[in-house]
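# Report on the structure
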Amino acid sequence: MDRPLIIEKLTTIFRTVFNDEAIVLRNDLTANDVANWDSLTHMMMIGEVEKDFSIKFKLKELGKLEDVKSLVDLIETKVGGQRLL
């Protein structure tokens, strides 16, 4: 899986879920950096990621997410060699 493609898809998801077209993803971006990021929007974002990437996260995996880099790393692990359209 191409990391830039993951970032591109995640950027679209983040901008939609958090209703902020100005969001620019960085490796160290966390919930503290995004105004509308609360527990509800977090779960909405995770749901959209699972749907768009055709993956499912385990609860313990979600508990280990610290920032955008850890999310991208986890997505990369889940999608492996899949090609995204």
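Our subject is the structure listed above.
Residues numbered from 1 in each chain as written. Predicted model: local features only at pLDDT ≥ 70, side-chain atom pairs only at ≥ 80, totals over all residues. Heavy atoms only, no water.

As a further point, take the packing of helix 1 (residues 3-17) against helix 2 (residues 39-53). Remark: helix 1 packs on helix 2, axes separated minimally by 10 Å, with the N-to-C direction vectors making an angle of 140°. As the angle between them shows, helix 1 and helix 2 are arranged oblique. Considering how the two elements wind past one another, helix 1 and helix 2 form a crossing that is right-handed. Between helix 1, through Ile-6, Lys-9, Leu-10, Ile-13, Phe-14 and Val-17, and helix 2, the contact on the second element is made entirely by Thr-41, Met-44, Met-45, Glu-48, Val-49, Asp-52 and Phe-53. Within the contact of helix 1 with helix 2, the residues separate by chemical class into nine nonpolar, one polar and three charged. (Axes fitted to C-alpha atoms, helices over the stretch in contact; angles between N-to-C directions. Helix = DSSP H or I, 4+ residues; strand = E, 2+ residues; numbered from the N terminus. Parallel < 35°, antiparallel > 145°, perpendicular 65-115°, else oblique. Left-handed = near helix turned anticlockwise from the far one by under 90°. Contact = heavy atoms within 4.5 Å. Nonpolar A, V, L, I, M, F, W, Y, C, P; charged D, E, K, R; others polar.)

Mapped onto the elements, Ser-70 comes out in helix 4 (residues 68-79). Accessibility expressed as a relative area gives 18% for Ser-70, which makes it buried. Only 2.9 Å separates the side chain of Ser-70 from the backbone nitrogen of Glu-66, close enough to count as a polar contact. At 2.8 Å, the side chain of Ser-70 forms a polar contact with the backbone oxygen of Asp-67. (Buried < 20%, exposed > 50% of the residue type's maximum accessible area, 1.4 Å probe, protein only. Polar contact = N/O pair within 3.5 Å; in protein donor to acceptor, adjacent residues only side chain to side chain.)

With that settled, the discussion passes to the nonpolar core. One finds Leu-10, Phe-14, Met-45, Val-49, Phe-53, Phe-57 and Ile-75 to be the most contacted residues of the largest nonpolar core, which totals 24 residues. Of all the secondary structure elements, the ones that give two or more residues to this core are helix 1, helix 2 and helix 4. It is helix 4 that contributes the most residues to this core, six residues altogether. Those residues within four positions of Leu-10 in sequence are excluded, and the remaining contacts are Leu-25, Val-49, Phe-53, Leu-71, Val-72 and Ile-75. (Core = buried A, V, L, I, M, F, W, Y, C linked by side-chain atoms within 4.5 Å.)

Interpretation note: all reported values are geometric properties and have no functional meaning in isolation.
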